[in-house]
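Spelled out, the chains give:
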Amino acid sequence: MATLAAAPPTEHVAAAATGRPNPPITGLSWAALQEVLAARSERPFRTEQVVRWVYRSTITDFAPMLNVPQALRTWLAETYAFSSAEVVTQVASADGDTTKAVLRLADGALIETVLMQYHRRSDGTGADRSTVCVSTQVGCALQCSFCATGLMGLTRNLTAAEIIDQALHFLRRTRQRPPVVRNVVFMGMGEPLLNYAACLEAVARLCDPLGAGLGPPRLTISTSGWLPGIARLANEPWPVRLAVSLHAPTNAVRDELVPLNRRYPVEDLLAACRAYQAQTGRRVTFEYTMLAGVNDSPALARALVKLVRGLDCHINLIPMNPVAELPYAPSSDEAVQAFHRTLRQAGLIATIRREMGRDIQAACGQLQTTVRRRPLVQEHSS
Ligand code: SAH
Ligand code: SF4
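Note on numbering: residues in each chain are counted from 1, in written sequence order. Here every chain gets a letter starting at A, and every ligand a number starting at 1, in the order they are written. Where totals are concerned, whole chains, interfaces and linings use all residues; where local detail is concerned, this predicted model gives features only for residues with pLDDT of at least 70, and gives and counts side-chain atom pairs only at 80 or more. Processing note: side-chain calculations cover all non-hydrogen atoms of the structure and skip hydrogens and water entirely.

All right, on to the nonpolar core then. Side-chain atoms within 4.5 Å link the members of a nonpolar core, which is a set of buried Ala, Val, Leu, Ile, Met, Phe, Trp, Tyr and Cys residues. Throughout, exposure labels follow a simple rule: accessible area from a 1.4 Å probe, protein chains only, divided by the maximum for the residue type, with under 20% read as buried, over 50% as exposed, and the rest as partly exposed. Ranked by size, the top nonpolar core spans 112 residues in total, and within it Phe 286 and Ile 315 carry the most contacts. Starting at the N terminus, helices and strands are each numbered in turn, a helix being any DSSP run of H or I of at least four residues and a strand any DSSP run of E of at least two. Broken down by element, the residue count for this core peaks at eight residues, all from helix 5 (residues 196–207). An automatic or database domain assignment provides the domain bounds reported here. Among the domains, domain 1 (29–79) and domain 2 (85–373) are the pair contributing at least three residues each to this core. Whether two residues are in contact is decided by their heavy atoms: any pair within 4.5 Å suffices. If sequence neighbours within four positions are ignored, Ile 315 has contacts with Phe 286, Tyr 288, Leu 304, Val 308, Leu 343, Leu 348, Ile 349, Ala 350 and Thr 351.

A surface patch of positive charge is lined by Arg 121, Arg 129, Arg 182, Arg 218 and Arg 241. Tracing the sequence through the fold places Arg 218 in the loop between helix 5 and strand 9 (219–223). Assessed through its relative accessible area of 41%, Arg 218 is described here as partly exposed. Every patch collects residues that have over 30% relative accessible area and no salt bridge, joining them within 9 Å if they carry like charges and within 5 Å if they are nonpolar side chains (Val, Leu, Ile, Met, Phe, Trp, Tyr). Only the protein chains shown count as covering a residue, and every accessible area follows the Shrake-Rupley method with a 1.4 Å probe. Any carboxyl oxygen of Asp or Glu that lies within 4 Å of a side-chain nitrogen of Lys or Arg is treated as forming a salt bridge with it. A positive count includes Lys and Arg, and a negative count includes Asp and Glu. His and the chain ends are not counted in either. Lysine's charge is taken at NZ, arginine's at CZ, aspartate's at CG and glutamate's at CD.

What follows is about the site of ligand 1. Taken together, 21 residues sit near ligand 1, with Phe 146, Ser 222, Ser 245, His 247 and Asn 321 positioned nearest. Between ligand 1 and the protein, one listed contact pairs a nitrogen atom with a backbone N or O atom of Gly 190 at 2.9 Å. Within 3.5 Å is the distance limit for a polar contact, defined as a pair of N or O atoms, with the added protein rule that one can donate a hydrogen and the other accept it, and that residues adjacent in sequence qualify only through two side-chain atoms. Within the contact set of ligand 1, a nitrogen atom lies 3.4 Å away from a side-chain nitrogen or oxygen of Glu 191. When ligand 1 is considered free in solution it has 530 Å² of accessible area, and contact with the protein chains removes 96% of it. Throughout this document, a residue counts as near a molecule or strand when at least one of its heavy atoms sits within 4 Å of that molecule or strand.

Near ligand 2 the following residues occur: Cys 140, Leu 142, Gln 143, Cys 144, Cys 147, Gly 150, Gly 190 and Ser 224. Residues are grouped as follows: Ala, Val, Leu, Ile, Met, Phe, Trp, Tyr, Cys and Pro are nonpolar; Asp, Glu, Lys and Arg are charged; all remaining types, including Gly, are polar. In terms of residue class, the shell around ligand 2 is made up of four nonpolar, four polar and no charged.

Each assigned domain of the chain is listed with its residue range as follows: domain 1 (29–79) and domain 2 (85–373). Taken together, the 10 residues of domain 1 in the interface contact 11 residues of domain 2. Here domain 1 meets domain 2 over a buried area of about 1000 Å², counting both sides, of which 53% is carbon and sulfur. What gets called buried area is simply the loss in accessible area from a 1.4 Å probe that two parts show on being joined, summed for both. Interface area lost by domain 1 to domain 2 is led by Tyr 55, Arg 56 and Thr 58, which between them contribute 57%. Linking domain 1 to domain 2 there are zero salt bridges. In this assembly, domain 1 and domain 2 are joined by seven residue pairs in polar contact (both at pLDDT 80 or more).

What follows is the structure, given as structure tokens:
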């Protein structure tokens with residue numbers, strides 16, 4: 001593990017003369033920016049120029065926008081912040097494949113964003129690629145019993161700009177050091193479907209061909225099962241992927257792991273997934289975090305097979321990432337393999353997720369910024 005950057009920040013939240021931070025430029029849609037610039041009697045093509053600099057370059061300030069007149073650059077810098085997030089620290093895992101950024105927002109709230117870089121497989125298949133995992137809330141209200149973010153409780157929703165700026169931070173970085181980010185997963189801190197409007201606004205801006213230009217199927221929204229949000233998502237024009245954090249096929253086990261299950265039990269969740277699929281034709285991903293002695297038995301594997309029968313789905317088995325404050329342990333390799341075998345033998349598409357960034361507490365479910373935890377410094381015995 002290496003600390004890549006402790007202050008000074010590479011991106012900053014500009015302070016206006018009032019002492020209040022300027023609003024971020026990424027909070028404006030294309031149309032809103034066009035309006036703002038038209039009100040200043042700027043020529044219409046200026047909007048595209050500014051958008052390209054913000055979404056498609058590597059700059060982190062207005063000053064280097066060289067084809068934009070100096071007066072407009074100065075006005076933009078006086079009026080807007082280039083980013084809503086300031087990098088506090090950035091750490092990389094020992095293997096270098098995972099980087100976690102701790103970002104400070106204008107109100108002082110801290111969030112975590114993770115970059116995962118995957119390599120072409122040794123047999124020559126696959127490709128180098130980068131994925132950003134963005135947070136959608138400061139903390140989370142849902143308190144799943146095995147998740148570090150759940151320990152924080154909910155402070156607030158993130159704005160669309162705060163979600164977009166997380167993705168842009170690592171997009172800019174990987175444009176300098178490829179592979180460039182092509183995938184964004186809404187799997188960091190928080191429940192995206194409880195911050196629906198901001199998440200969908202972020203999707204729109206990240207997918208806008210004139211903005212970041214990411215492909216909607218490369219964006220994944222993960223939910224612990226907020227049914228009204230799943231139904232709403234099915235009606236959106238963006239064909240983003242839906243991932244559902246299932247973790248257990250029975251209410252008895254799921255009630256303990258995902259308290260939201262008491263409101264929306266497994267059978268209702270599956271009915272919502274079937275309705276989503278009927279409407280969109282899209283495959284659903286189920287995440288299944290494997291906890292030793294809790295949800296990894298052969299009987300539960302068989303119950304899972306029954307539960308998802310007839311649904312086009314992909315089951316992603318995630319070995320639990322340890323959280324010091326929580327009483328769960330990851331399932332053994334043997335239990336994970338046996339569970340996986342049962343699913344495969346029943347004809348299901350199932351994979352075991354390679355966990356990344358555990359050594360920097362950047363893996364699924366380990367993101368947490370307010371509960372006191374062991375520092376991110378490796379101790380040396382010598
Ligand atoms: N709130 C959303 C998205 C963020 S959590 C959701 O729950 O889906 C992202 C994923 O990490 C979820 O599947 C979640 O269940 C999983 N997760 C939480 N804690 C974990 C842990 N300790 N180990 C492994 N996965 C975990
Ligand atoms: Fe919230 Fe997701 Fe963690 Fe549950 S697993 S507490 S929904 S972030």
